[in-house]
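Reading the structure
Read off the chains here:
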Amino acid sequence: MDTIIQIMKKYNFTEMESLVYVTLLERGALTGYEVSKHSGVARSKVYNILEKLVKKDLVIVNKSEPKLYGALSAEEFISRLESETQTDLHLLSRQFSQVKEYQEDDLLWKLEGYDNLLKKAEYLICHADSSVLIQVWKKELTPQILKALQEAEKRVNQFVLIAFDCDRNKKLPFKKVYYHGFEQDKLQDFGNRWINLVVDDNDVLFGTIDENQMGNNDITLTKNRAMLNLAKEYIKHDAYTLKIISELPEELQKKYGNHFEKVRSIYWEE
């Protein structure tokens, strides 16, 4: 019920209107008194709510006494809502096509909220034309982002996915994916998970993801050329290294240790 109420609120139905409508769906024709009794909406308010729902064509009334109220079927309600929404979206699309959007290339924009991060990543991947380069932790690979990446892998000319997965108990559904393998070391370096996404040499989404405070992430969105080049080279450099490790594991283990731990000793010793 809570889900129904939250979704209907997005379409300008109040919580009490939703309660009344669902009550009529579940129980059939009812008097105003019965609607109040079963829905929990006060009698002093229920008749006003019923009239509002009648005007919204969500509730119908019989022509005889006593006055009974019935609900439009959920199937027809959803069908109408879909039709109205599509009509509005088409109109909005036509209107926005006449607006010339201003493009600002150099600014660094802060993206608020974990959900916004996932939605933005999904949008960028879905609308990629030529290339998708991404470093991402498995926890951020939602079903929606997984699907978007799978479709992008088939569609774009350049596709690089570097996955960070501490467990790695299930392979990802891609033809080509680089598993990083140094997750714990990277977590120590960064302190948190992160995402690095470059799309079409045009958009960069980069930032750290706070494990304990999911609403307090530090995510940057930009078209800045310097940031784009830096983010892109970072991903490509990781891919170069992981490719060499996968093709020459024994030789590298002899020189750098079984877990390649000596690779991380990059500072000159006195």
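Note that the structure is predicted; figures quoted are calculated from it, not measured. (Residues numbered from 1 in each chain as written. Predicted model: local features only at pLDDT ≥ 70, side-chain atom pairs only at ≥ 80, totals over all residues. Heavy atoms only, no water.)

Moving on, we get to the overall build of the chain. When helices and strands are tallied, the chain shows ten helices and nine strands. On the principal axes, the C-alpha backbone points of the chain span a range of 95 × 45 × 35 Å. Among the 270 residues that make up the chain, the fraction classed as buried is 37%. Put simply, 56% of the contacts in the chain that link residues at least 6 apart link residues at least 24 apart. Accessible surface, the chain: about 17,900 Å² in total, of which carbon and sulfur atoms supply 51%. Averaging the positions of the 38 positive and the 43 negative side-chain charges in the chain gives two centres separated by 4 Å. (Helix = DSSP H or I, 4+ residues; strand = E, 2+ residues; numbered from the N terminus. Buried < 20%, exposed > 50% of the residue type's maximum accessible area, 1.4 Å probe, protein only. Contact = heavy atoms within 4.5 Å. Areas by Shrake-Rupley, 256 points an atom, 1.4 Å probe, with all protein chains shown as cover. Lys, Arg positive; Asp, Glu negative; His and termini not counted. Charge placed at Lys NZ, Arg CZ, Asp CG, Glu CD.)

Moving on: the nonpolar core. With 32 residues, the main nonpolar core has Val-132, Ile-134, Leu-149, Leu-197 and Leu-205 as its most contacted residues. Every element with two or more residues in this core is listed here: helix H6 (114-126), strand S4 (131-137), helix H7 (143-155), strand S5 (158-164), strand S7 (193-199), strand S8 (203-209) and strand S9 (218-222). Of all the elements, H6 adds the most residues to this core, at six residues. When near neighbours in sequence (up to four residues on either side) are disregarded, Val-132 contacts Leu-149, Ala-152, Val-156, Gln-158, Phe-159, Val-160, Leu-197 and Val-198. In terms of nonpolar packing, the next biggest core, distinct from the first, is built from 20 residues, Leu-30, Leu-58, Tyr-69 and Phe-77 among them. (Core = buried A, V, L, I, M, F, W, Y, C linked by side-chain atoms within 4.5 Å.)

This part takes up the environment of Arg-80. Among the secondary structure elements, Arg-80 is positioned in helix H5 (residues 74-96). Non-local contacts of Arg-80, meaning those with residues more than four positions away in its chain, are made with Asp-57 and Leu-72.

Another point: the packing of aromatic side chains. All told, the structure shown has six aromatic pairs when counted by the stated rule. Where Trp-137 meets Phe-164, the ring centres are 4.9 Å apart and the plane angle is 20°; that geometry is what we call stacked. In this pair, Trp-137 sits in strand S4 while Phe-164 sits in strand S5, placing the two residues 27 residues apart along the sequence. This pair shows no difference in class: Trp-137 is buried, exactly as Phe-164 is. Both rings, one in Trp-137 and one in Trp-194, keep their centres 5.5 Å apart while their planes meet at 75°; by these two values the pair is edge-to-face. With a gap of 57 residues between them, Trp-137 in strand S4 and Trp-194 in strand S7 connect regions that are remote in the sequence. Of the residues examined, Trp-137 reaches a relative accessible area of 3% and is grouped as buried. (Phe/Tyr/Trp six-rings, centres within 6.5 Å; stacked < 30°, edge-to-face > 60°.)

Judged by how many residues are buried, S4 sits mostly within the fold: seven of seven residues are covered. Alternating residues of S4 divide into Ser-131, Leu-133, Gln-135 and Trp-137 and Val-132, Ile-134 and Val-136, and every residue in both groups is buried. One ladder, built from seven bridges, connects S4 with S5; its direction is parallel. Within S5, the position partnered with Gln-135 by the bridge is Ile-162. The parallel pair S4 and S5, bridged by H7, forms a crossover whose chirality is right-handed. (Pairing = 2+ DSSP bridges. Right-handed = clockwise from strand over helix to strand, strands pointing away.)

Okay, the domain arrangement of the chain next. Size of an interface: often given as the accessible area lost when the parts come together. Segmentation of the chain into domains returns domain 1 (1-75) and domain 2 (108-264). A C-alpha centroid distance of 49 Å is found between domain 1 and domain 2. (Domains from an automatic or database assignment.)

With the rule as written, the count across this model stands at eight salt bridges. Residue Arg-80 pairs with Glu-76 through a salt bridge whose shortest N-O separation is 3.0 Å. Of the two residues, Arg-80 and Glu-76 are both situated in helix H5; the distance of four residues between them amounts to about one turn of the helix. Its relative accessible area of 33% is what places Arg-80 among the partly exposed residues. (Salt bridge = Lys/Arg side-chain N within 4 Å of Asp/Glu carboxyl O.)

Attention now goes to the packing of helix H2 (residues 15-27) against helix H3 (residues 32-39). Geometrically, a packed helix pair is captured by the angle between its two axes and the distance between the axes. As a packed pair, H2 and H3 sit with axes 9 Å apart at the nearest point and diverge in direction by 105°. The angle between H2 and H3 falls in the class roughly perpendicular. Taking contact as the criterion, the partners of Leu-19, Val-20, Thr-23, Leu-24 and Arg-27 in H2 are, on H3, Val-35, His-38 and Ser-39. Counted by class, the contact of H2 with H3 contains four nonpolar, three polar and one charged residues. (Axes fitted to C-alpha atoms, helices over the stretch in contact; angles between N-to-C directions. Parallel < 35°, antiparallel > 145°, perpendicular 65-115°, else oblique. Nonpolar A, V, L, I, M, F, W, Y, C, P; charged D, E, K, R; others polar.)

So, about the sheet that holds S4. The strand order across the open sheet built from seven strands is S3-S9-S8-S7-S4-S5-S6, with neighbouring strands paired in mixed fashion. The outermost strands of the open sheet, each flanked by one partner alone, are strand S3 (108-111) and strand S6 (178-179). Note that S3 and S9 share four bridges and pair antiparallel. Following the sheet pairing, Trp-109 is matched in S9 by Leu-221.

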